[in-house]
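Commentary on secondary and tertiary structure
So you can see what is in the structure, the chains are spelled out below.
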Amino acid sequence: MPSYENKIILAPMVRIGTLPMRLLALRYGADLVYTEELIDWKFLRSKRRYNDILNTVDYVDQTDGTIVFRTCNEEKDKVILQLGTCSAERALKVAKLVEKDVAAIDINMGCPKEFSIKGGMGVALLAQPEKAYNILKTLVDNLSISVTCKIRILQTPEETLEVVEKLVSSGIKAIGIHGRTRDERPQHAVHTDVIKYVAERISVPVIANGGSKEIEKHSDIYKFKEMTGCSSVMIARAAEWNCSIFRKEGLLPMDTVIEEYLKLAVEYDNSPSNTKYCIQNILRDLQDTPRGRQFLDCQTLEQICSIWGLGEFCRETQVSYQKRGIQGRWQVTP
Ligand code: FNR
């Protein structure tokens with residue numbers, strides 16, 4: 001079971017937090033890594049398969065062959081699977097499926113997107129603390145691994161504390177708090193004071209989140225930790241833009257990060273579309289340059305790799321995988 005004291009953590013991010021980015025974050029120094037949010041009913045359509053070519057465990061969607069979740073031994077004790085759910089029963093079914101493959105389960109109680117709220121998931125759960133508590137309690141009572149949740153703050157520190165205390169009473173091991181309300185957007189200032197108010201009053205570690213705008217270098221992480229009075233910090237956007245933010249030795253140049261990310265994407269047979277999305281979010285404004293436009297035209301991993309001098313590496317790796325008859329590949333889907 002992971003300890004949540006004094007940890008620097010890769011936050012959950014849809015499409016960004018897939019295996020190559022999680023491994024890169026760990027190699028740069030992150031202590032724990034969250035998966036992207038995975039929706040319970042989608043996960044339940046998948047079957048677990050051991051992939052003996054990649055040495056990964058793959059959860060493969062039985063309806064379309066896509067890989068819902070891929071993980072490997074390197075991250076086994078450090079990966080936290082985040083679930084989107086509104087049902088204790090479904091959440092437990094998924095958790096039981098993956099119990100031996102991940103270090104912990106986290107429930108998303110902070111997502112403000114329409115898709116989540118309409119489905120009674122994400123931040124909608126904070127308006128139904130009893131239901132949220134039941135989901136957590138069911139997991140805590142029936143799993144051998146840690147359970148946590150990630151929330152947003154409510155309108156006042158007192159209201160936030162009241163809900164947090166209820167959730168903590170389920171037996172969760174830690175709670176991630178994004179210091180913005182459900183209606184606030186990433187450009188709004190993060191309420192470090194509210195995170196601090198809660199962290200000082202509860203018995204489990206609080207993982208502070210929402211500081212990326214002010215986190216430009218590794219030492220800024222500790223400033224955020226101090227401002228929030230928290231045991232641990234969870235980083236999303238600063239890691240999405242440059243994953244080497246986790247390095248104690250300092251940031252690496254963007255191109256080095258892309259190269260190291262691409263090697264992992266090739267090695268773990270990540271889909272071209274997901275790989276492209278992650279690199280787009282590293283390049284940001286630089287997509288609008290000659291090299292950026294060339295990149296945007298790429299459709300295969302090999303084409304993307306060629307831009308960073310890794311075309312040959314990609315080709316050789318893919319040929320060797322094909323010779324060994326790789327299965328459960330992303331090619332199954334369009
Ligand atoms: C997110 N966030 C998010 N949160 C969550 O609980 N589950 C998720 O799947 C996602 N997905 C996601 C995707 C992307 C691209 C971004 C930028 C953000 C929210 C994220 O974890 C975090 O709470 C906020 O981004 C605030 O933290 P930072 O960015 O200031 O470190």
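Calculation criteria
- Residues numbered from 1 in each chain as written.
- Predicted model: local features only at pLDDT ≥ 70, side-chain atom pairs only at ≥ 80, totals over all residues.
- Heavy atoms only, no water.
- Axes fitted to C-alpha atoms, helices over the stretch in contact; angles between N-to-C directions.
- Helix = DSSP H or I, 4+ residues; strand = E, 2+ residues; numbered from the N terminus.
- Left-handed = near helix turned anticlockwise from the far one by under 90°.
- Contact = heavy atoms within 4.5 Å.
- Nonpolar A, V, L, I, M, F, W, Y, C, P; charged D, E, K, R; others polar.
- Expected span 1.5 Å × (residues − 1).
- Buried < 20%, exposed > 50% of the residue type's maximum accessible area, 1.4 Å probe, protein only.
- Arc of directions from axis to C-beta.
- Parallel < 35°, antiparallel > 145°, perpendicular 65-115°, else oblique.
- Domains from an automatic or database assignment.
- Buried area = accessible area lost by both parts, 1.4 Å probe.
- Salt bridge = Lys/Arg side-chain N within 4 Å of Asp/Glu carboxyl O.
- Phe/Tyr/Trp six-rings, centres within 6.5 Å; stacked < 30°, edge-to-face > 60°.
- Core = buried A, V, L, I, M, F, W, Y, C linked by side-chain atoms within 4.5 Å.
- Near = heavy atom within 4 Å.
- Polar contact = N/O pair within 3.5 Å; in protein donor to acceptor, adjacent residues only side chain to side chain.
- Areas by Shrake-Rupley, 256 points an atom, 1.4 Å probe, with all protein chains shown as cover.
- 1 Å grid on protein atoms, 1.4 Å probe; cavity = no way out; pocket = protein on both sides within 12 Å on 5 of 7 lines; lining within 4 Å.
- Points joined across faces, edges and corners; volume = space filled by probe spheres on them.

Let us look at the packing of helix H3 (residues 88–98) against helix H5 (residues 129–142). Packing of H3 against H5 brings their axes to within 9 Å, and their N-to-C directions diverge by 35°. In the packing of H3 onto H5, the handedness of the crossing is right-handed. Contacts from Ala88, Ala91, Leu92, Ala95 and Lys96 in H3 reach Asn134, Ile135, Thr138, Leu139 and Asn142 in H5. By residue class, the composition of the contact of H3 with H5 is six nonpolar, three polar and one charged.

Moving on, we get to helix H14 (residues 311–323). Its 13 residues give H14 an end-to-end C-alpha distance of 18 Å, which sits within 8% of 18 Å, the value for a rise of 1.5 Å per residue. Among all positions of H14, only Gly311, Cys314, Thr317, Gln318 and Tyr321 are buried. Down the axis of H14, the smallest arc covering the buried residues is 135°, so these residues share one side. Projecting away from the buried face of H14 at angles above 90 degrees are the exposed residues Glu316 and Lys323. Buried residues along H14 sit in contact with helix H10 (254–267) and helix H13 (301–307). Note on H14: the residue one or two positions beyond its end, Gly325, has a positive phi of about 70°.

Time to look at the packing of helix H1 (residues 19–28) against H10. Packing of H1 against H10 leaves a shortest axis separation of 9 Å and a crossing angle of 125°. Relative to H10, the element H1 lies oblique. Read as a crossing pair, H1 and H10 show a hand that is right-handed. Where H1 abuts H10, its residues Pro20, Met21, Leu23, Leu24, Arg27 and Tyr28 lie against Thr256, Val257, Glu260, Tyr261, Leu264 and Ala265. Taken together, the residues that form the contact of H1 with H10 break down as nine nonpolar, one polar and two charged.

When the parts of a complex come together, some accessible area is lost, and that lost area is often used as the size of the interface. Here the domain parsing of the chain yields domain 1 (8–246) and domain 2 (254–332). Summarising the inter-unit geometry, the C-alpha centres of domain 1 and domain 2 are found 27 Å apart. Carbon and sulfur atoms make up 60% of the area that domain 1 and domain 2 hide from each other, which totals about 2200 Å². One can count zero salt bridges joining domain 1 with domain 2. Secondary structure elements with two or more residues in the side of domain 1 that touches domain 2: H1, strand E4 (46–51), strand E6 (67–72) and helix H9 (237–241). Among the elements that line the side of domain 1 that touches domain 2, the one with the most residues is H1, at seven residues. A class-by-class count of the residues in the side of domain 1 that touches domain 2 yields 14 nonpolar, six polar and seven charged.

Before going further, it helps to spend a moment on the packing of aromatic side chains. Enumeration over the complete set of coordinates arrives at four aromatic pairs. On the numbers, 5.9 Å between centres and 25° between planes, the contact of Tyr59 with Phe69 is stacked. Remark: Phe69 occurs in strand E6 and Tyr59 occurs in strand E5 (residues 56–61); sequence separation between them is ten residues. Each member of the pair, Tyr59 as well as Phe69, is classed as buried. Centroid distance Phe295 to Trp308: 5.9 Å. Interplanar angle 80°. Geometry classified as edge-to-face. On the criterion of sequence distance, the pair formed by Phe295 in helix H12 (residues 290–296) and Trp308 in the loop between H13 and H14 is long-range, its members being 13 residues apart. Residue classification places Phe295 among the buried positions, given a relative accessible area of 0%. Exposure remark for Trp308: the relative accessible area of 7% places this residue in the buried category.

It is worth spelling out the nonpolar core at this point. Among the nonpolar cores identified, the biggest contains 108 residues, and Ile105, Leu167, Ile175 and Phe246 are the most heavily contacted of them. If you count residues domain by domain, this core takes at least three from each of domain 1 (8–246) and domain 2 (254–332).

The full set close to the ligand counts 17 residues, and Pro12, Gln82, Asn209, Ser212 and Arg237 are the nearest of them. Glu37 is positioned with one of its backbone polar atoms (N or O) 3.2 Å from an oxygen atom of the ligand. Take Asn209: an N or O atom from its side chain is 2.5 Å from an oxygen atom of the ligand. In isolation the ligand offers 610 Å² of accessible surface; the protein chains occlude 85% of this area.

Time to look at the layout of surface pockets. If you add up the space inside the second largest pocket, you get close to 160 Å³. Around the second largest pocket sit Ser212, Lys213, Ile215, Glu216, Ala238, Trp241, Asn242, Ile245, Leu251 and Arg284, which together line it. Taken together, the residues of the lining of the second largest pocket sort by class into five nonpolar, two polar and three charged.

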